[in-house]
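Residue strings, one per chain:
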Amino acid sequence: MERLGITGYGPAIEVFKRITAEPRELTASHIRVKMKAFGINPYDIALRSGSMQEVRKLTFPYVLGNDGAGIVTEVAADVQSFKVGDRVAVHPISGAYGEEIVLPVGKAAKIPEKMSWSEAAAIVTPGVTAYNLINHLLDLQPTDTVMIEGASGAVGTSLIQLLHIRGIRTLASASKKNEEKIRQLGVSDFSAYDQEDPGIKFQNQADTVIDATKGSVKGESGIQIMKEGGRYIALNDLPSLELRQKKTGFYEPFIPRKEYQDQEAFTHLFNAHQNGDFHIFVGKELPATLENVIWAHQQVEGHSTTGKIILTFD
């Protein structure tokens with residue numbers, strides 16, 4: 001079995017290697033999946049670069065990857081919810097960058113018949129993150145206004161669509177080139193941050209601000225947009241303490257929790273997709289080679305992609 005792993009922290013071109021590994025033993029409540037596609041996340045770049053060593057130290061060689069899709073090839077004796085041949089999306093703790101993965105049944109879900117492998121792999125982390133944020137972390141009221149910064153990214157577009165389904169008034173900011181795409185998702189108003197200051201345009205309008213940027217936004221605009229006493233949720237770093245002291249509010253990073261159930265999120269996302277209410281944006285689809293995984297990491301690290309980069313196996 002071939003996997004695409006890293007041998008240490010550092011630049012993608014230096015640390016990625018092909019790794020040949022023996023198949024893992026299948027234990028109770030687990031399934032074995034032949035991978036057909038996996039997605040690249042900003043989180044993967046953070047792990048590979050070593051910037052998250054303080055909270056998650058890796059043992060090398062290490063295989064990255066939390067988003068994927070494939071075919072069930074084996075189920076443990078106690079598993080009733082899956083059978084060999086099922087098409088599934090998978091959300092493992094790691095290991096999706098490979099030809100095969102073994103994971104707990106709770107971290108997989110059957111995908112709709114018409115959903116492609118690439119779509120299934122692309123929906124995982126962005127969709128599950130957006131679902132859990134909206135349905136578990138936040139207590140949204142019908143009259144609330146939510147601001148999404150970084151609206152053109154995978155999590156941003158997922159948030160907008162799920163909020164639109166709920167009928168929540170949503171504001172968004174992204175670059176001008178993505179305005180049409182974002183407006184088509186159902187936002188109430190849009191600001192192109194490369195042409196104007198969203199903080200001025202939407203000042204004091206949002207009950208909740210969700211910063212879904214990759215860290216390029218320093219938080220000042222979001223705090224301006226948040227109402228006094230509002231809520232500011234960051235998917236990456238929070239604004240500096242100095243900025244936070246400028247306005248009273250509840251500031252917190254979004255952190256996945258054990259009580260969040262992937263099956264629940266997948267059910268909602270797949271239903272929304274089948275109903276035509278949730279679109280999955282695949283930016284580029286490439287064969288799962290060493291050269292392509294290095295290139296994909298470089299693209300995501302450089303913030304130049306629109307839509308998820310998906311690598312596929314034959």
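What counts, and where the lines are drawn
Residues numbered from 1 in each chain as written. Predicted model: local features only at pLDDT ≥ 70, side-chain atom pairs only at ≥ 80, totals over all residues. Heavy atoms only, no water. Domains from an automatic or database assignment. Contact = heavy atoms within 4.5 Å. Salt bridge = Lys/Arg side-chain N within 4 Å of Asp/Glu carboxyl O. Helix = DSSP H or I, 4+ residues; strand = E, 2+ residues; numbered from the N terminus. Buried < 20%, exposed > 50% of the residue type's maximum accessible area, 1.4 Å probe, protein only. Phe/Tyr/Trp six-rings, centres within 6.5 Å; stacked < 30°, edge-to-face > 60°. Lys NZ or Arg CZ within 6 Å of the ring centre and 35° of its normal.

A. Up close: the domain arrangement of the protein. Along its sequence, the protein is organised into domain 1 (2-110 + 281-312) and domain 2 (126-253). Centre-to-centre, using C-alpha coordinates, domain 1 lies 29 Å away from domain 2. If you look at the interface, domain 1 gives eleven residues, while domain 2 gives nine residues. For the interface between domain 1 and domain 2, the tally reads zero salt bridges.

B. Examining unusual backbone geometry more closely. Following phenylalanine 60, the chain continues into proline 61 via a peptide bond in cis, with omega recorded as -5°. Looking at where proline 61 falls in the secondary structure, it is placed in the loop between helix H2 (42-49) and strand E4 (68-75). Phi at serine 29 is positive, roughly 65°, even though this residue is not glycine. Here serine 29 is to be found in the loop between strand E2 (16-20) and strand E3 (30-39). Backbone geometry at asparagine 204 places phi at a positive 60°, although glycine is not the residue there. Residue placement: asparagine 204 occurs in the loop between helix H6 (198-201) and strand E11 (206-211). Owing to a relative accessible area of 40%, asparagine 204 belongs among the partly exposed residues under this scheme.

C. Seen up close, the packing of aromatic side chains. If you walk through the whole model with that rule in mind, you get seven aromatic pairs. Between the aromatic rings of tyrosine 9 and phenylalanine 60, the centroid separation amounts to 4.9 Å while the plane-to-plane angle is 85°, which identifies the pairing as edge-to-face. With tyrosine 9 in the loop between strand E1 (2-6) and helix H1 (12-15) and phenylalanine 60 in the loop between H2 and E4, the pair connects residues that are 51 residues apart, well separated along the chain. According to the relative accessible area criterion, tyrosine 9 is partly exposed, its value standing at 25%. Classification of phenylalanine 60 as partly exposed rests on a relative accessible area of 29%. With a centroid separation of 5.7 Å and 35° between ring planes, the pair formed by tyrosine 232 and tyrosine 251 is classed as tilted. Taken together, the positions of tyrosine 232 in strand E12 (residues 226-234) and tyrosine 251 in strand E13 (residues 249-253) put the pair 19 residues apart, joining distant regions of the chain. Grouping residues by exposure puts tyrosine 232 and tyrosine 251 together as buried. Following the ring pairs from residue to residue traces out a cluster consisting of Phe16, Phe38, Tyr97 and Phe313. Directly above the aromatic system of tryptophan 117 lies the positively charged group of arginine 87, at a separation of 4.5 Å from the ring centroid. Taking the ring centre of phenylalanine 281 as reference, the NZ or CZ of lysine 181 above it sits at 4.4 Å.

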